[in-house]
Amino acid sequence: MLAVVTGAGRGFGAALVDCLAGAGWDVVACVRAGAAAGPRGRVRTVVQDVREPVGAELLAAVGERGLDVLVNNAGVGAPGRGLAEVDPQSILHAVDVNVAGPLRLAQALLPRLVAAPAPLIVNVSSRLGSLSAQAAGEFAGRGTSYAYRVSKAAQNMLTIALAQELAGRVRCWAVHPGRLTTAMGGPGADTTPHEAADRLVRLLSSPDQRSPRYLSLDGGDLRW
Ligand SMILES: NC(=O)c1ccc[n+]([C@@H]2O[C@H](COP(=O)([O-])OP(=O)(O)OC[C@H]3O[C@@H](n4cnc5c(N)ncnc54)[C@H](OP(=O)(O)O)[C@@H]3O)[C@@H](O)[C@H]2O)c1
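First things first, this report covers the structure right here in the doc.

For the protein, the helix and strand inventory stands at six helices and seven strands. Each helix and strand of the protein, placed in order from N terminus to C terminus, yields the pattern β-α-β-β-α-β-α-β-α-α-β-α-β. Against the globule reference of 17 Å for 224 residues, the protein gives a C-alpha radius of gyration of 17 Å, in line with a compact fold. Projected onto its principal axes, the C-alpha coordinates of the protein cover approximately 50 × 40 × 30 Å. Within the protein, buried positions represent 44% of all 224 residues. In the protein, the proportion of contacts linking residues at least 24 apart, taken out of those at least 6 apart, comes to 65%.

On to the nonpolar core. Counting 60 residues, the largest nonpolar core has Val-4, Val-5, Leu-16 and Leu-70 as the members making the most contacts within it. If one sorts the elements of this core by residue count, helix 3 (residues 88-113) sits on top with eight residues.

Take the packing of helix 1 (residues 11-22) against helix 6 (residues 193-204) next. At their nearest, the axes of helix 1 and helix 6 sit 8 Å apart, and the two run at 55 degrees to each other. Between helix 1 and helix 6, the crossing angle belongs to the class labelled oblique. Considering how the two elements wind past one another, helix 1 and helix 6 form a crossing that is right-handed. Residues Gly-11, Phe-12, Ala-15, Leu-16, Cys-19 and Leu-20 of helix 1 form the contact with helix 6, whose own contacting residues are Pro-193, His-194, Ala-196, Ala-197, Asp-198, Leu-200 and Val-201.

Overall, parallel pairing links the seven strands, which are arranged 3-2-1-4-5-6-7 in an open sheet. Each having just a single partner strand, strand 3 (43-47) and strand 7 (213-216) make up the two edges of the open sheet. Sheet twist, expressed as the mean angle between neighbouring strand axes with direction ignored, is 20 degrees. Strands in contact with helix 3 are strand 1 (2-5), strand 4 (69-72) and strand 5 (120-124); relative to strand 4, the strand with the most contacts, it is inclined by about 175 degrees.

With that settled, the discussion passes to the environment of Arg-213. Counting through the fold element by element, Arg-213 comes out in strand 7. C-alpha of Arg-213 to C-alpha of Ala-116: the two residues are 97 residues apart in sequence and 20 Å apart in space. Beyond its immediate stretch of four places on either side in the chain, Arg-213 contacts Trp-173 and Asp-221.

A separate point is helix 1. End to end, helix 1 covers 17 Å across 12 residues, agreeing with the expected 16 Å (1.5 Å per residue, within 8%). Of all 12 residues making up helix 1, nine are buried, and the element is well covered by its neighbours. For helix 1, the complete set of buried residues consists of Gly-11, Phe-12, Gly-13, Ala-14, Ala-15, Leu-16, Val-17, Cys-19 and Leu-20. In this structure, the buried side of helix 1 is in contact with strand 1, strand 2 (26-31), strand 3, strand 4, strand 5 and helix 6.

Parameters and conventions
- Residues numbered from 1 in each chain as written.
- Predicted model: local features only at pLDDT ≥ 70, side-chain atom pairs only at ≥ 80, totals over all residues.
- Helix = DSSP H or I, 4+ residues; strand = E, 2+ residues; numbered from the N terminus.
- Rg over C-alpha atoms; globule rule 2.2 N^0.38 Å.
- Buried ≥ 20, exposed ≤ 12 C-beta atoms within 10 Å, placed from the backbone.
- Contact = placed C-beta atoms within 7 Å.
- Core = buried A, V, L, I, M, F, W, Y, C linked by C-beta atoms within 7 Å.
- Axes fitted to C-alpha atoms, helices over the stretch in contact; angles between N-to-C directions.
- Parallel < 35°, antiparallel > 145°, perpendicular 65-115°, else oblique.
- Left-handed = near helix turned anticlockwise from the far one by under 90°.
- Pairing = 2+ DSSP bridges.
- Expected span 1.5 Å × (residues − 1).

Given below as structure tokens:
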């Protein structure tokens, strides 16, 4: 089985690469900067900023094989919690990384995805991107930035749009990883990135055919 993981240099992406390789997957790990390391066991590391067009290095690392799973994990948050301080540019930047990034990867890798027997795109989302939950005030008072909320809601809509266009060919899921003890994780973080990555690796072998699907790694489906 072959997976591509973006944002693999640290945090959840790095843990996911470890867990996938440990479970016997071949992995193309995309990092944003630095020299691409040579192959490390089942892992091949390439440089790919998701704000840029998908490069020849990544395409060559995937090669002609079918790509079983694309995990669009790279993501950014932003400051700007209230109307007075939010910089509109921060929204454009977050949408570029969190929405256009997964779109670029899906476009470039679609021919390899459809060559796999049961391909899946996982967009690493957030429960904070749920329009229904946010509209119901479930996260009121958390002070999440405009850029994060707007971009994760838009990323969820991208997941739905991809799922509808690729129905019967590629399943598309939006996955909330839990509240992780990473640089992005807040003070209430209660899950290590490796715990969450183990859960996602188990989920990847699920035969569940639903698409689109929005779920949390710490328990069940979420409302869009
Ligand atoms: N942590 C949480 O509690 C939590 C909760 C819900 C959802 N999530 C989601 O989970 C995913 C991973 O988060 P995390 O907690 O692991 O965050 P993190 O520790 O801040 O790591 C973010 C990763 O994204 C990469 N990245 C940022 N901009 C990029 C770009 N333009 N191109 C390529 N890579 C880029 C970073 O690369 P560099 O090292 O080069 O900066 C880093 O590897 C994100 O999508 C996040 O929204 C996290």
